Each structure stands twice: as structure tokens, then as C-alpha cells.
Amino acid sequence: MTGPVTPEPPDLAEPFEAVAVTLDQEAGQATAARVVSYLYTHISGGPWYSGTAFTYEHVPGLARFDTIPIVRIAEGATDYQREMVHQVVARINRELPYSLHLRIGEDAPALQLIEDIPDNQLFVNFAPRTDWADPLKGRPGTLAQAQFDIVHEFDVVQQRHEKQRQRAVHVWMESEHDYGNVELFSILMHELLHTLGLPGHVRQDEFPDSAMRDDTLLYTLSVPAIDGAALRAIYTRFPNGTEPEDVSATSLGPWEDTVTNLAGRLDTGGGPVSFGVRQSNGVSIPWTRGSAPGDPTGSTLAENPAITGSASWQGGLLGFTPDNRSVGGNAVLSVDVATMDGRADFTELQSWPAGEAPGAFGTGTQWNTGSLGYTISVSGNLMRSTGGDTGVVSGNFYGRNHEGAAGTIERSDLTAAFGGSR
């Protein structure tokens, strides 16, 4: 028996030429002062608000995993729930250096007790709230809960307990709730950020752009800039067990408030699609942007009556190498809408010196072998790689009638984003 057949990429001539490319400096959304204030709130131990009628607190200090944890989805999750976990993990990974990316392991036993979870593992369990092995499961309206197993010790000098490290985590998700796509993504991302070293909630009037704000949920399909910057600071600047009083601009270290942004823009006929890579404080962060499919709101690629057979999106790729050389090339995405399997192919990949934007074909030098290719799977309006070259592809479809597509590629030798028009 053979597996699903994915369409061959169409023979297209230089679709990259349709991309408007810019390379410039812009003000960052996460200044050193904001990052320090934000992190202090989380490391302080609380008390934190969760809505307007509930507060909680933890032992003070930074408790993250010693090594990047393995994410495991508990047995019994639906295909849709699994896909959303994959997509949230992919978005979080965009905010971290490639060497610090989370990976998803084999399925976990359902309803596992926190003390039985192996070290440096993060279980995600979709189950009715009445089955959760967590003391807060009875709080009315609770849709998700991150349960921590934190190693801490008593400081005899300061006469207080202090966190040392995160051993394991269990994220409980209410399986009986009828989630919307953005709602489930936002809640799941919020809980996973809790587990990675952001246990508290920040004041909504001070950080309205954060997914960790204390009043109302921020509905989003990406990690906000301030939350991503905090993750990078936690895993690249501060040692485990950092105490609240040791969080400062000095301990954060040199921090650039400006961002180098390599961006591309395509007019798809259904609204523009933008994509690119931001470089800040030694990390390249890929991003995409476009309007969500609609009519009806939230309609999926499979439900679009205007698309049958094999559909293709063509455009370009933009990225940075680890030594800051820019990379550009063709991007072609093909999907068989009957099976929701497809390909993402990138050809004529060339590189240019650091500080120089990709130019016309032939003006750069060949990057690597000059091409990359991946098989992909589509669920709803989201895509992710299932095989092919080394690296991870993830992305979205955009535009009222899915006229646009954009995504990211992350490898040890390239961080890139791509976009295409149908």
C-alpha cells in the first residue's frame, strides 16, 4: 500500500520577482526596560490576578527547564487537537534559536499524575475537567490549567523558599468545550508559555500586547513580541533559579531596542500577504501576516468551493543565515485539496552579503545546494511539514478566498519566511 500522493510542483519561472523586498531598521516592541519589568512580574512569585475574582502565587524565582523539554500529547487526543498542539509549538519555536526548539515526542499516557511524568517532559492532556488530576479543576469556567512540578529549596539567609528549576509540567485542557480555532490556539499557547518560565500574569493596562495579561484572553495566532523577547531572555540570558532582585537591565546584558527586518510583500488579489525575518539581539525571528480567510468567517481551505483538484501558490522566500547573510529565492506551494497533502518547494536560492537585501536573480551566490523541498499536511487553514529536507515548515493560508499563503522555514543554517499568491 502506498501513502498519500502529493502533487508535483508546477514549472514556474521566477515567481520571486513579484515580491516587493525591503531591508531596514525599525523600533522594537520589547525594549530592555519593558523586558525587565515583564520578567520581574513573573519571577516575583505573585500574587497574580487571573481575571478579576481570583489570585494565585508561587515560590519566587525563575524556574525553567534545565534543557528544552519534550512535548508529549496524551493518548486520546483528536486529530484537530493534535494539530493545534503542533501549531502552537511551531509558533513558540519561531521565537527561540533553532538549538532551543521544542520537539514533540511519542504519545503520553492519559490522565498521568504530575509526579509520574519523566524529567524535562511537558504533557498536554485533553480531558473533561472532572478527570483532571489538579487541585484547581473544580473552579467554574476553567478551560485550561498548567500544573507544575518545581524543585525549590530554602534560603537560610533570606529565610524564604526559592525556585531552582522546572522538573516536569502537565497542561490540562478541557475537552468538552466547543473551541473556535483562534480561541483554542490562544489558550493553549498561554498555558505553554506558563510552563516555559512565565508562571504569572502581567497587568493588562501595562502590557495589553501580551498573551499573559491578567484580565481577558488575547486572541492571536502568533506569540506577541514582548512574550517572545521574555522567552529569549529566560533561555539565553538568565540562569535557572534567578531571584527577583537579580533581574535588572545589568543582568539582562546588552540589549538592542532596534530590529533589522527583512520583509517581503505580495498582492494576492485577496489582500496583501507579508512575510520576513526580524533580527534582534542575536536571534532571527521569522514572521508572516495577512487577513484571515472568511465568508463564512473562518472557512477552511477544504471548504472553499472555488478550489478543486490541485491548487498552487507562488512567490518568494527571504531569510538570514547564522552569519547574517541574506537569502532569497522562489517559493511554490502545492496542495491536493482532496487529501490536504502537498509540497513546499524553494528553488534558485541565492545569498547576499550581510546588510544587503536580496536582489535580482544572478546577482547573488548560490546558497547551499540552491533548493529545498518538503512534503506538507494542511489542517484547517494551517500547514506544517511532514517530511523532506532537514528543517521545519509551518504556516497559514490568508485572504478571503485563500488567495495567499505564507509560512516559515527553520534550520540550523537558515531562518526564513515565504509567501505566495494563488
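Residues numbered from 1 in each chain as written. Predicted model: local features only at pLDDT ≥ 70, side-chain atom pairs only at ≥ 80, totals over all residues. Heavy atoms only, no water.

Bringing the overall build of the protein into the picture now. When helices and strands are counted, the protein shows 5 helices and 20 strands. Here the C-alpha atoms of the protein give a radius of gyration of 22 Å, agreeing with the 22 Å that 2.2 N^0.38 yields for 422 residues. Counting all 422 residues of the protein, 54% fall into the buried class. Summing over all exposed atoms, the protein offers an accessible surface of approximately 17,400 Å²; the carbon and sulfur share of this is 50%. Taking the 27 positively charged and 52 negatively charged side chains of the protein as two groups, their mean positions are separated by 2 Å. (Helix = DSSP H or I, 4+ residues; strand = E, 2+ residues; numbered from the N terminus. Rg over C-alpha atoms; globule rule 2.2 N^0.38 Å. Buried < 20%, exposed > 50% of the residue type's maximum accessible area, 1.4 Å probe, protein only. Areas by Shrake-Rupley, 256 points an atom, 1.4 Å probe, with all protein chains shown as cover. Lys, Arg positive; Asp, Glu negative; His and termini not counted. Charge placed at Lys NZ, Arg CZ, Asp CG, Glu CD.)

A few words now on the pattern of salt bridges. Pairing between side chains of opposite charge can happen when their charged atoms approach one another. Counting across every chain of the model gives 13 salt bridges. Residues R72 and E106 are paired through a salt bridge, measuring 3.8 Å at the closest nitrogen-oxygen approach. With R72 in strand β4 (residues 70-73) and E106 in the loop between β5 (103-104) and β6 (121-127), this pair connects stretches of sequence that are 34 residues apart. Among the residues examined, E106 registers a relative accessible area of 60% and is labelled exposed. One connected set of salt bridges, linked through shared partners, spans D119, D149 and R167. (Salt bridge = Lys/Arg side-chain N within 4 Å of Asp/Glu carboxyl O.)

As a further point, take the nonpolar core. Ranked by size, the top nonpolar core spans 58 residues in total, and within it V35, Y38, L39, I92, V124 and M173 carry the most contacts. At the level of secondary structure, the elements contributing two or more residues to this core comprise α1 (32-43), β4, α2 (79-94), β6, β7 (144-155), β8 (160-174), α3 (181-195) and α4 (225-236). Leaving out residues up to four positions away in the same chain, I92 has contacts with L102, L192, L193, L196, V223 and L231. Of all hydrophobic cores here, the second largest spans 27 residues; its members include L333, V337, L349 and V393. (Core = buried A, V, L, I, M, F, W, Y, C linked by side-chain atoms within 4.5 Å. Contact = heavy atoms within 4.5 Å.)

Before going further, it helps to examine the sheet that holds strand β9 (residues 258-267). Across a sheet, strands are paired by hydrogen bonds formed along the backbone, either parallel or antiparallel in direction. Pairing is antiparallel in the open sheet, where 4 strands are placed in the order β1-β9-β10-β11. In this open sheet, the two strands that pair with only one neighbour each are β1 (20-27) and β11 (283-289). Across the sheet, the mean angle separating the axes of adjacent strands is 20 degrees when strand polarity is ignored. (Pairing = 2+ DSSP bridges. Axes fitted to C-alpha atoms, helices over the stretch in contact; angles between N-to-C directions.)

Bringing the confidence of the model for the protein into the picture now. With 92% of its residues at a pLDDT of 70 or more, the protein has an overall mean of 91. Confidence drops under pLDDT 50 across residues 1-7; counting only partners more than four residues distant or on other chains, this segment forms 14 contacts. (pLDDT = per-residue confidence, 0-100.)

Glancing now at α4. Compared with the 16 Å implied by 1.5 Å per residue over 12 residues, the 16 Å span of α4 between its first and last C-alpha is a close match. Listed as buried for α4 are I226, D227, G228, A229, A230, L231, R232, A233, I234 and Y235. Close packing links the buried residues of α4 with α1, α2, α3, α5 (249-252) and β11. (Expected span 1.5 Å × (residues − 1).)

Once that is clear, we can look at the pairing of strand β20 (residues 415-421). Burial analysis of β20 places 7 of its 7 residues in the buried class, which makes it a mostly covered element. Side chains T415, A417, G419 and S421 of β20 all project onto a buried face; the interleaved residues A416, F418 and G420 project onto the opposite face, where all are buried too. Here strand β12 (residues 310-320) runs beside β20; their pairing, made up of 7 bridges, is antiparallel. Each residue of the ladder has a partner; that of Q314, found in β20, is S421. In the sheet, strand β19 (residues 404-410) pairs with β20 via 7 bridges, with the strands oriented antiparallel. Paired with A406 across the bridge in β20 is G419. Here β19 folds back onto β20 in antiparallel fashion, the turn holding 4 residues.

Right, let's talk about the packing of aromatic side chains for a bit. Overall, the coordinates contain 8 aromatic pairs when judged by the stated rule. Among the aromatic residues, those joined into a cluster by ring pairs are W48, F54 and Y56. (Phe/Tyr/Trp six-rings, centres within 6.5 Å; stacked < 30°, edge-to-face > 60°.)

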